[in-house]
Amino acid sequence: MRGGGTLSALMTSAILVVAACRPSIGEPTPSASSIAGDLVPSHEVSVSISLPEGSSTLAAAIAVAAGSESLGGSQISVSTFTPFAGEDQFQSGHREDQIDLYLATAGAVLSAQESGETADDLVQIAGYQTRDFRSLISYTSSKLSSITRGPILVQGRPGDELGLLAVLASQEMANPGSTPDTKDLTFLYSSDPSAPFDITPLVDGTATTAWVTDFDGLARAYEAYRAKNGIQYGLNGVKRILTTSAESSIAGAGLWAHKIDLENQDLLISTAAFLIALGDGAASCRDSALDCAGVVEGNGLSDRFGDSLIWSINEVNRTMWPASNGLFFVNTSAIDVAISAATASGWTVSVESTDLVDLQAYQLAIDHLPAALDLTGAAWSPIEVILPLD
């Protein structure tokens with residue numbers, strides 16, 4: 001069946017232009033002069049990114065990119081927004097002075113297309129998370145059979161459960177009869193997509209299990225308090241039933257756009273320039289999770305703070321680095337896996353991976369990528385940071 005901090009205006013309002021903020025995260029690379037001059041639209045353009053959750057730490061690199069001097073003098077500003085409950089998750093105004101981008105998984109896009117929303121012409125223009133680290137968790141059972149006993153709480157948009165369906169399909173192929181029929185599973189989504197992920201349905205028993213991101217939802221499950229005694233569940237109180245791995249064929253969130261918007265040269269140029277700034281922001285967060293957390297916390301862009309925020313950014317970095325093919329590489333094989341998992345679960349999928357990809361902005365960005373900007377992060381390794389718990 002388909003089914004610790006104060007949030008800032010970024011996460012509670014529909015649109016917030018953050019380009020006016022110039023975070024002090026060190027000298028940005030590339031510099032303004034290395035981009036502006038080649039990738040400059042003929043008029044002012046806003047690149048607006050839809051986030052899957054109000055305060056997801058996936059927005060950290062976007063926050064840094066928005067304040068980057070690499071867009072200085074380019075007539076390009078950056079804003080973010082989160083749809084409210086009941087709104088079309090992928091609706092665009094198709095304006096001459098703004099391009100809407102969507103940070104989303106292939107599963108979320110396929111789900112929206114099946115539902116008949118305005119996602120039919122969505123194409124992935126760039127990769128972002130090279131892997132999708134998620135876990136199926138419960139407070140009561142570590143057995144796979146427990147997921148058939150009630151709704152599964154899903155972190156993110158409808159369709160983000162597709163990674164779980166792919167894991168189950170892979171396990172069933174290796175050991176026939178070992179997994180439940182995915183067509184019988186029921187999924188529960190957040191009632192307010194503009195708010196941070198709420199683990200409450202798992203805590204109060206509304207959901208029996210939850211499919212969560214390791215960098216955010218898993219931490220919130222650890223941090224939740226037991227109703228009986230007010231003590232946090234902690235690391236030992238959360239049971240992980242299934243997890244994805246570094247070898248998983250499913251990629252995480254990528255950047256998507258409406259294909260019709262890419263026909264506008266000013267919007268295309270602005271998108272390519274933004275990708276370079278985003279690469280700069282992501283590299284900054286990769287090279288110093290501490291400084292990146294300082295930018296996010298200093299601008300009030302997350303409901304997580306202190307060591308909890310640093311921990312989450314460090315875990316986000318695990319989903320992005322190392323990026324052997326480059327951070328923005330679009331993995332069509334991962335989209336093929338998503339389509340196969342969707343089809344096997346009874347979704348109506350009438351597209352192929354080639355229909356869901358447009359590399360114009362990616363190629364334009366790569367052609368203008370400063371030599372000093374490292375988008376592979378081959379030497380990256382996670383820092384040692386412990387999630388603070390009571």
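The model shown is predicted, which means the values in this text are computed figures rather than measured ones.

A.B. asks: Talk me through the overall build of the protein; I want residue IDs and the actual numbers.
C.D. replies: Along the protein, the regular secondary structure elements total 13 helices and eleven strands. Only carbon and sulfur atoms are counted for the fraction: they give 51% of the accessible area of the protein, which is about 15,500 Å².

A.B. asks: How would you explain the side chain of threonine 105 if you had to name every residue and give the values?
C.D. replies: Within the secondary structure, threonine 105 is located in the loop between strand E4 (98–104) and helix H4 (106–115). Given the relative accessible area of 12%, threonine 105 is considered buried. A distance of 3.1 Å separates the side chain of threonine 105 from the backbone nitrogen of alanine 108, its partner in a polar contact. Residues within four places of threonine 105 in sequence aside, it is in contact with Gly159, Asp160, Gly252, Ala253 and Trp256.

A.B. asks: Residue-level account of the side chain of asparagine 314, with values.
C.D. replies: Relative to the helices and strands, asparagine 314 is located in helix H11 (residues 306–320). Sequence-distant contacts of asparagine 314, defined by excluding residues within four places in its chain, comprise Trp380, Pro382, Ile383 and Val385.

A.B. asks: How would you summarise the pairing of strand E6 (residues 134–138) if you had to cite specific residues and measurements?
C.D. replies: For E6, the buried fraction is high: five of the five residues fall into the buried class. Side chains Arg134, Leu136 and Ser138 project from E6 onto one buried face, and the interleaved Ser135 and Ile137 project onto a second face that is buried too. Looking at chain direction, E6 and strand E9 (residues 209–213) are connected through four bridges and run antiparallel. Pairing of serine 135 across the sheet is with valine 212, part of E9. Summarising the sheet, E6 and strand E10 (residues 239–243) pair through four bridges and their orientation is antiparallel. Note on E10: the bridge partner recorded for leucine 136 is leucine 242.

A.B. asks: If you had to explain the state of the cysteines to someone new, which residues and values would you point to?
C.D. replies: One pass over the structure, following the stated rule, counts one disulfide. Here cysteine 285 pairs with cysteine 292 through a disulfide, and the sulfurs are 2.0 Å apart. Disulfide cysteine 285-cysteine 292: the torsion about the S-S bond is 60°, which places it as right-handed. Cysteine 292 gets classed as buried once you look at its relative accessible area, which sits at 0%.

A.B. asks: Pulling in residues and values, what's your account of the nonpolar core?
C.D. replies: Residues Ile49, Leu101, Leu103, Leu255, Phe274 and Leu278 are the most contacted members of the largest nonpolar core, which totals 82 residues. If you tally residues by element for this core, the top one is helix H9 (residues 265–287), at 13 residues. Other than its neighbours up to four places away in sequence, leucine 278 contacts Ala61, Ile62, Ala65, Tyr128, Leu255 and Phe328. Counting 39 residues, the second-largest nonpolar core is a separate cluster that includes Tyr102, Ile147, Leu164 and Val167.

A.B. asks: Any chance you could break down the sheet that holds E9 for me, citing the residues and the numbers?
C.D. replies: Strand order across the open sheet formed by five strands is E8-E7-E9-E6-E10, with mixed pairing between neighbours. Single-partner strands in this sheet number two, and they are strand E8 (187–188) and E10. Along the sheet, helix H5 (residues 162–174) contacts E6, strand E7 (152–154), E8, E9 and E10; its crossing angle with E10, the most-contacted strand, is approximately 75°.

A.B. asks: Residues and numbers for helix H12 (residues 332–344), please.
C.D. replies: With 13 residues, H12 extends 18 Å from end C-alpha to end C-alpha; this agrees with the ideal 18 Å at 1.5 Å per step. Residues of H12 that are buried: Ala334, Ile335, Ala338, Ile339, Ala341 and Ala342. For H12, the buried positions fall inside an angular range of 165° around the axis, keeping them on one side. Among the structural elements, H4, strand E5 (122–126) and H5 are those in contact with the buried residues of H12. By the N-cap criterion, in which a side-chain oxygen at the helix start approaches the backbone nitrogen of a residue two or three places on, H12 is capped by asparagine 331, the distance to serine 333 being 3.1 Å. Two residues or fewer past H12, glycine 346 is found with a positive phi of approximately 95°.

A.B. asks: Can you break down the confidence of the model for the protein residue by residue, with the values?
C.D. replies: Mean pLDDT over the protein stands at 86; residues scoring 70 or higher make up 88%. Taken together, the stretch residues 1–36 has pLDDT below 50 and engages in 95 contacts with residues farther than four places along the chain or on a different chain.

A.B. asks: If you had to explain the packing of aromatic side chains to someone new, which residues and values would you point to?
C.D. replies: What the rule picks out here adds up to two aromatic pairs. Here phenylalanine 90 and tyrosine 102 contribute two aromatic rings whose centre-to-centre distance is 5.4 Å and whose plane-to-plane angle is 65°, an arrangement assigned as edge-to-face. With phenylalanine 90 in the loop between strand E3 (76–81) and E4 and tyrosine 102 in strand E4, this residue pair connects regions lying twelve residues apart in the sequence. Residue class for tyrosine 102 comes out buried when judged on its relative accessible area of 0%. Arranged with centres 3.6 Å apart and planes meeting at 10°, the rings of tyrosine 139 and tyrosine 233 form a pair that is stacked. In this pair, tyrosine 139 is assigned in the loop between E6 and E7 and tyrosine 233 in the loop between helix H7 (217–223) and helix H8 (234–237), connecting sequence segments 94 residues apart. Both residues of the pair, tyrosine 139 and tyrosine 233, belong to the buried class. Positioned above the aromatic ring of tryptophan 321, the side-chain terminus of arginine 286 is 4.4 Å from the ring centre.

What counts, and where the lines are drawn
- Residues numbered from 1 in each chain as written.
- Predicted model: local features only at pLDDT ≥ 70, side-chain atom pairs only at ≥ 80, totals over all residues.
- Heavy atoms only, no water.
- Helix = DSSP H or I, 4+ residues; strand = E, 2+ residues; numbered from the N terminus.
- Areas by Shrake-Rupley, 256 points an atom, 1.4 Å probe, with all protein chains shown as cover.
- Buried < 20%, exposed > 50% of the residue type's maximum accessible area, 1.4 Å probe, protein only.
- Polar contact = N/O pair within 3.5 Å; in protein donor to acceptor, adjacent residues only side chain to side chain.
- Contact = heavy atoms within 4.5 Å.
- Pairing = 2+ DSSP bridges.
- Disulfide = S-S within 2.5 Å.
- Core = buried A, V, L, I, M, F, W, Y, C linked by side-chain atoms within 4.5 Å.
- Axes fitted to C-alpha atoms, helices over the stretch in contact; angles between N-to-C directions.
- Expected span 1.5 Å × (residues − 1).
- Arc of directions from axis to C-beta.
- pLDDT = per-residue confidence, 0-100.
- Phe/Tyr/Trp six-rings, centres within 6.5 Å; stacked < 30°, edge-to-face > 60°.
- Lys NZ or Arg CZ within 6 Å of the ring centre and 35° of its normal.

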